[in-house]
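The primary structure of each chain is shown beneath.
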2 protein chains.
Amino acid sequence: MTTSEWVASLSAERASLTRASTAGRVAEILRAHITEGRLLPGTRLSEEDIGSALGVSRNTLREAFRLLTHERLLVHEFNRGVFVRRLSVADVHDLYRFRRILEVSAIRQAARLDAATRDARLDLVRQAVEEGEHAGAESRWVDVGTANMHFHQTVAALADSPRVDEAMQHVLAELRLVFHVMGAPQTFHEPYLADNRRILDLLVAGSWDAAADALDDYLGVAEAQLVEAYTG
Amino acid sequence: MTTSEWVASLSAERASLTRASTAGRVAEILRAHITEGRLLPGTRLSEEDIGSALGVSRNTLREAFRLLTHERLLVHEFNRGVFVRRLSVADVHDLYRFRRILEVSAIRQAARLDAATRDARLDLVRQAVEEGEHAGAESRWVDVGTANMHFHQTVAALADSPRVDEAMQHVLAELRLVFHVMGAPQTFHEPYLADNRRILDLLVAGSWDAAADALDDYLGVAEAQLVEAYTG
DNA sequence: CATGCAGGATTGTTCAACAATCTGTCAATA
DNA sequence: TATTGACAGATTGTTGAACAATCCTGCATG
């Protein structure tokens, strides 16, 4: 999809610009388009074009851009415009370092959750695992990737911390940028289905340390695979 | 300092509005005023007043506000304006939960750093500890608090991760909001000087797990103290 | 005291305008 | 041929004015 085609498709989004602030809604629309791969890393976002397509003024659009730069989805280059962020290999390493901290700590701290909260959270993890397995059974690899992300978001949610949840959302949104550049969803998502199930089983059994160690290893493997392909 | 006095003091900041984007510079100014306690939690920021005082248009100011809301320093209430964020007790708990994850993990992962990086980082930790001890010897308790924050920022930097660094900056900025409301800096910062030195010694000795456990306990004590005082 | 209404203040957004900056193209020169 | 400089066009960054919508406060009434 070229940029101009994408801009044209924005006109269809006009109807959703109601309620809440327009700037916020514009940011939501852009965020969805970025994380769903309709706007690829490196793409330049023209204020004029996008403003016209969405029927909003440039000022409002600039506010929306500001909302998205802190989520690291956009990068704002002074006097040159706004671009969808292109991640470097160092970014990928740092993302894995950061998510390892978040997810592994979340598991280790899950032991402190009260039983009701813990069980509710584990149920969400289970749902994500099953979502992935179903999608895999039907060879819907993009959906497997999405379910994998849900899995990791639910694992991080074991930390029972809104700030961890938000940080994890940002991590996963950035990772989507990487995956969209890569293509080949089967390669990057299928191998982890069995690992997700294994980690879930360890979690359900209350083997927190074993689950944390397993996830630590898993992320190491995933990181190495992704970096090799990203630099390849 | 009342809001109107503060707004008047902004006029003095005009000279610094050069280079880079004006919106970015406005955000820097506001950020500094918030984290330095000149704008207290709950304060409402009037577009008209602040725009006039800084000599910028309302549109530019709105962009700056958007930059700061994601840092959680400001909270944007639709159709009601922008306020300096007021943290709840739940926020305090979550901040400590999050910082515990960041700092404790950073220490545990420091073992993986190469010697040169690790030594450089530990030297920064040492500097922050000494900064605090000097300020304490002269009963400069606000400076002790500042040094304590440097200490924690340098501890988190052991993770060698830009994303951890940034997350930690945000945590500490939010915590400043809490401390500004509390007053009594000696109460909240002095008791931890000795602990900081102890943790530094453990880090220098390479006793990563012992240091991590010590910091975990320390944060638990600090959290309890702060929450008790915050709920009053 | 509680409720409703009016008025004023402010926010959210749009539009137009202009200065500054960047990028691409073309011509001149070595 | 390669490099440099000039110029034009496009775009960004910012300002200011305007207006609709919303909120808040104060006052009147029951």
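Position numbers for residues count from 1 along each chain, tracking the sequence in the order it is written. Key to labels: chains lettered from A, ligands numbered from 1, both in the order written. At least 70 in pLDDT is required for a residue's local features to be given in this predicted model, at least 80 for side-chain atom pairs to be given and counted, and no such filter applies to totals for whole chains, interfaces and linings, which use all residues. As a rule here, side-chain values come from all non-hydrogen atoms in the structure, and water together with hydrogens is ignored.

Going by an unreviewed UniProt entry, chain A carries the name GntR family transcriptional regulator and comes from Nocardioides currus.

1. Examining the sheet that holds strand β1 (residues 44-45) of chain A
Residues and elements named next belong to chain A. Being paired, for any two strands, means DSSP has found at least two bridges between them. In this description a helix means any DSSP run of H or I spanning at least four residues, a strand means any run of E spanning at least two, and both kinds are numbered starting from the N terminus. Taking strand neighbours across the sheet as the criterion, the 3 strands line up as β1-β3-β2 in an open arrangement whose pairing is antiparallel. Each having just a single partner strand, β1 and β2 (74-77) make up the two edges of the open sheet. Where β1 and strand β3 (residues 81-84) come together, 2 bridges link them in antiparallel fashion. Bridging from a neighbouring strand, Arg44 pairs with Phe83 of β3.

2. Some remarks on the protein's contact with DNA strand D
Residue proximity to a molecule or strand is established when one non-hydrogen atom of the residue lies within 4 Å of it. Near DNA strand D you find 21 residues, and of these A:Arg58, B:Thr22, B:Thr60, B:Asn79 and B:Arg80 are the closest. Taken together, the sugar and phosphate atoms account for 68% of what DNA strand D places within 4 Å of the protein. Between DNA strand D and the protein, one listed contact pairs a base nitrogen with a side-chain N or O atom of A:Arg58 at 2.6 Å. As used in this structure description, the phrase polar contact means that two N or O atoms lie within 3.5 Å; if the pair is within protein, one of them must be able to donate a hydrogen and the other to accept it, and residues adjacent in sequence are counted only when both atoms belong to side chains. Within the backbone of A:Asn79, a nitrogen or oxygen atom sits 2.8 Å from a phosphate oxygen of DNA strand D. Listed by contribution, the elements that provide at least two residues to the surface near DNA strand D are α4 (58-69) and β2 of chain A together with α2 (22-35) and α4 (58-69) of chain B. Any residue outside Ala, Val, Leu, Ile, Met, Phe, Trp, Tyr, Cys, Pro, Asp, Glu, Lys and Arg is labelled polar, Gly included; the first ten of those are nonpolar and the last four are charged. Classifying every residue of the surface near DNA strand D gives 3 nonpolar, 11 polar and 7 charged.

3. As for the relation of the copies chain B and chain A
Both copies of the chain are related by one operation, a rotation about an axis with a shift along it. For this overlay, a least-squares fit was computed on C-alpha atoms, restricted to residues scoring pLDDT of at least 70 in both copies. Take chain B, turn it by 180°, move it 0.0 Å along the axis, and it overlays chain A with an RMSD of 0.1 Å. Such values leave the two copies arranged in the relation of a two-fold axis. Scanning chain B for the C-alpha nearest the rotation axis identifies B:Glu63, at a separation of 2.7 Å. By the convention used here, residues are in contact when the closest approach between their heavy atoms is within 4.5 Å. Interface residue correspondence from chain B to chain A reaches 100%, placing this contact among same-surface, isologous pairings.

4. Some details on the domain arrangement of chain A
Residue and element names in this part refer to chain A. Boundary definitions for the domains trace back to an automatic or database domain assignment. As far as domains go, chain A holds domain 1 (3-84) and domain 2 (89-231). Placing the centre of domain 1 and that of domain 2 at their C-alpha centroids yields a distance of 28 Å. By convention, the term buried area covers the 1.4 Å-probe accessible surface removed from two parts as they join, with the contributions of both added. Buried area between domain 1 and domain 2, summed over both chains or domains, comes out near 750 Å², and the portion from carbon and sulfur atoms is 69%. Three residues stand out in domain 1 for area buried against domain 2, namely Thr35, Pro41 and Arg72, and they jointly supply 51% of the buried area on that side. A carboxyl oxygen of Asp or Glu within 4 Å of a side-chain nitrogen of Lys or Arg is what we treat as a salt bridge. In this structure, the connection of domain 1 to domain 2 is made through 0 salt bridges. Scanning the region where domain 1 abuts domain 2 turns up 2 residue pairs in polar contact (both at pLDDT 80 or more). By residue class, the composition of the side of domain 1 that touches domain 2 is 5 nonpolar, 2 polar and 3 charged.

5. A short note on the interface of chain B and chain A
At the interface, 33 residues of chain B touch 33 residues of chain A. For the pair chain B and chain A, the summed buried area comes to about 3200 Å², and 50% of that belongs to carbon and sulfur atoms. For chain B, the biggest contributors to the area lost against chain A are B:Arg66, B:His70 and B:Arg163; these three give 25% of the whole. In this structure, A:Glu63 and B:Arg62 form a salt bridge, with 2.7 Å as the shortest nitrogen-oxygen distance. Counting across the interface, chain B meets chain A through 19 residue pairs in polar contact (both at pLDDT 80 or more). Element by element, the count of residues in the side of chain B that touches chain A is highest for helix α5 (residues 89-110) of chain B, at 9 residues. Of the residues that constitute the side of chain B that touches chain A, the class distribution is 12 nonpolar, 7 polar and 14 charged.

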